[in-house]
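# A closer look at the structure
Chain by chain, the residues run as shown.
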Amino acid sequence: MLRHIRKTALKTVSTSIVVVAGVELATKLPSEGRSSELYHHFTDKVVTPLMRSLLNPENAHHVALYFLQRGFAPTHRPNILESSSNINLSVLTKDRLLFPNCIGLAAGFDKDGVAIENLMALGFGFVEIGSITPKPQPGNSKPRMFRLIEDQGIINRFGFNSIGIDAVEENLKAFRHRQQTEEEGQKNLPGKRSNSLASRDVFDSFSKITVSIMKSVLRFFFPPFPKQPKSLLGINLGKNKTSTKETEDYEIGIERLGQYADYLVINISSPNTPGLRNLQQSEPIRRLLKAAMRKRNELPFNENHSKPPLFVKIAPDLSDSELEDISNAVIECDIDGILVSNTSNQRPESLESRNSDEIGGLSGSPIRHLSTECIRKMYKLTGGNVFIVGIGGVGSGHDVYEKMKAGASVVQIYSQMTYQGPGLVSRIRKELSEIMRQNGQHDVTDVIGLDHDEIFWEKKLKRAMEV
């Protein structure tokens with residue numbers, strides 16, 4: 001009897017290894033799972049176009065979040081240049097906050113913080129949730145999101161739809177608890193088995209042994225890539241539509257949610273909330289930034305003995321004099337960084353889509369050059385001394401490279417995932433790494449601000465002297 005069990009086990013394991021090895025050689029699916037090329041191709045080339053053809057933009061957004069929450073999205077597909085440490089895409093701020101890689105997710109995709117872990121698993125170095133308002137509000141009436149397929153763009157007029165701080169705080173508590181539990185190695189602890197399941201013990205033990213052997217074989221032939229540092233969480237704060245106070249809503253957001261954030265964003269540039277962009281004017285922005293910084297400074301120190309950096313998000317439609325005034329306000333108020341830029345009210349003549357006349361903020365490819373020029377101007381105005389997050393029309397490693405040369409330290413994407421799928425972030429990281437290698441650059445600091453010769457070489461010399 002025992003000999004028969006051993007013989008059956010050996011036969012089963014051998015057959016399983018042959019089958020898995022065959023599938024592995026053809027697809028890499030067993031060892032790479034949701035990071036495999038096959039899985040990425042399926043989600044980007046089949047699922048994404050199917051959702052776009054069958055669902056309206058907002059419903060497709062909800063379905064994408066639903067699948068993300070349940071772990072069906074692909075995970076990051078590592079590239080050999082990053083994994084071998086030949087190319088370093090990490091960025092360290094002056095306050096020693098480490099962005100594990102320079103590609104992040106812009107606010108608006110996960111407004112309520114319901115899919116943070118699985119978004120990070122896509123390969124983002126940082127994920128920004130929000131915008132979050134103190135009180136729940138439904139936003140503007142539907143339809144309020146429109147695809148510009150011919151232009152690879154999006155127009156939205158959501159109007160800060162939010163479930164409110166109370167509900168989002170519960171989501172953030174749960175996220176940080178899960179993260180802490182995982183770090184402490186307490187996740188999925190085995191529980192006591194019921195006597196009624198005793199008859200399955202032999203089968204379960206055999207199954208576990210089989211799986212363990214197959215995993216060992218796969219790891220031997222296909223060693224896993226090194227584990228990446230954990231991604232950062234940004235929290236984007238907005239203002240209720242009915243609020244009459246300039247600074248109160250942002251102060252509430254900082255006080256309530258600051259403890260969960262790796263960085264905080266003051267959003268004063270959405271075109272879909274009446275009067276919000278007025279806060280970008282000279283006196284209002286100074287009052288707001290000073291109040292926000294005071295409230296940030298009241299937060300307790302985190303485990304790293306620091307407080308979350310405070311950034312401000314601006315519009316791409318500002319005049320040169322307005323950009324200069326904002327840069328001065330940011331420096332005067334000691335703000336840690338600027339997000340450049342939000343969606344645009346402009347409608348370039350090149351737009352071809354029938355939806356191009358819809359009211360709302362334009363994002364995606366049509367504003368790529370507009371936002372890059374805005375980054376270039378802001379970097380020069382601040383002398384390269386303020387951390388810049390570049391946003392707007394990023395859909396390739398080349399787009400990231402151009403924004404970083406203009407002065408962005410890190411870059412966010414969102415709209416282009418509508419057209420290219422969730423595997424976009426892995427492709428961008430690979431493309432960026434290849435561009436840097438071709439140009440003899442090994443670290444993103446060799447790229448940031450490269451278009452500004454005098455500032456670039458001054459900063460490079462300063463870094464060399466610090467070493």
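Above: the structure in question.
Each value, and the rule that gives it
Residues numbered from 1 in each chain as written. Predicted model: local features only at pLDDT ≥ 70, side-chain atom pairs only at ≥ 80, totals over all residues. Heavy atoms only, no water. 1 Å grid on protein atoms, 1.4 Å probe; cavity = no way out; pocket = protein on both sides within 12 Å on 5 of 7 lines; lining within 4 Å. Points joined across faces, edges and corners; volume = space filled by probe spheres on them. Helix = DSSP H or I, 4+ residues; strand = E, 2+ residues; numbered from the N terminus. Nonpolar A, V, L, I, M, F, W, Y, C, P; charged D, E, K, R; others polar. Salt bridge = Lys/Arg side-chain N within 4 Å of Asp/Glu carboxyl O. Core = buried A, V, L, I, M, F, W, Y, C linked by side-chain atoms within 4.5 Å. Buried < 20%, exposed > 50% of the residue type's maximum accessible area, 1.4 Å probe, protein only. Contact = heavy atoms within 4.5 Å. Axes fitted to C-alpha atoms, helices over the stretch in contact; angles between N-to-C directions. Parallel < 35°, antiparallel > 145°, perpendicular 65-115°, else oblique. Left-handed = near helix turned anticlockwise from the far one by under 90°. Expected span 1.5 Å × (residues − 1).

## Focus on empty space enclosed by the protein
Regions of empty space are outlined by a rolling probe, equal in size to a water molecule, passed over the atoms. Scanning the entire structure with this criterion turns up two cavities of 30 Å³ or more. Empty space within the largest cavity amounts to approximately 480 Å³. Ala-107, Asn-156, Asn-342, Thr-343 and Tyr-414 are the residues nearest the centre of the largest cavity, which is lined by 34 residues in total. If you list the elements that add at least two residues to the lining of the largest cavity, you get strand E4 (126-132), strand E6 (153-156), strand E11 (361-364) and strand E13 (410-413). Considering only residue class, the lining of the largest cavity consists of twelve nonpolar, 20 polar and two charged. The space that makes up the second largest cavity amounts to roughly 40 Å³.

## A look at the pattern of salt bridges
The final tally for this structure, using the stated rule, is 24 salt bridges. Taking the shortest distance from any N to any O, the salt bridge between Asp-320 and Lys-377 comes out at 3.0 Å. Of this pair, Asp-320 sits in helix H11 (residues 320-332) while Lys-377 is found in helix H12 (residues 368-381), placing the two residues 57 residues apart along the sequence. Residue Lys-460 pairs with Asp-446 through a salt bridge whose shortest N-O separation is 3.2 Å. On the criterion of sequence distance, the pair formed by Lys-460 in helix H16 (residues 453-466) and Asp-446 in the loop between helix H15 (424-438) and H16 is long-range, its members being 14 residues apart.

## Regarding the nonpolar core
Counting 99 residues, the largest nonpolar core has Ile-235 and Ile-266 as the members making the most contacts within it. With six residues, H15 is the largest single contributor of residues to this core. In this structure Ile-266 touches Leu-237, Tyr-250, Ile-254, Leu-288, Ala-292, Leu-310, Phe-311, Val-312 and Lys-313, once residues within four positions along its chain are discounted. Counting residues in each nonpolar core, the second largest holds six residues, with Ile-155, Leu-351, Leu-362 and Ile-367 among its members.

## Some thoughts on the packing of helix H13 (residues 397-406) against H15
For any two helices packed against each other, one specifies the crossing angle of their axes together with the interaxial distance. Running from amino to carboxyl end, H13 crosses H15 at an angle of 60°, the nearest separation of the two axes being 7 Å. Here H13 is positioned oblique relative to H15, judged by the angle of their axes. In terms of crossing hand, the pair formed by H13 and H15 is right-handed. In contact with Gly-397, His-398, Val-400, Tyr-401 and Met-404 of H13, H15 contributes Ile-428, Glu-431, Leu-432, Ile-435 and Met-436. Grouping the amino acids of the contact of H13 with H15 by side-chain chemistry returns seven nonpolar, two polar and one charged.

## Quick word on H15
In an α-helix, one turn spans 3.6 residues, which is why side chains three or four residues apart end up on the same side. A rise of 1.5 Å per residue sets the reference length of H15, with its 15 residues, at 21 Å; its end C-alpha atoms lie 21 Å apart and thus fit the reference within 8%. Buried within H15 are the following residues: Leu-424, Val-425, Ser-426, Ile-428, Arg-429, Leu-432, Ser-433, Ile-435 and Met-436. Buried residues along H15 sit in contact with helix H3 (37-54), helix H5 (80-83), strand E3 (103-105), H13, E13 and helix H14 (417-420). Immediately downstream of H15, the backbone of Gly-440 shows phi near 70°, a positive value.

These values are about where atoms sit, not about what they do.
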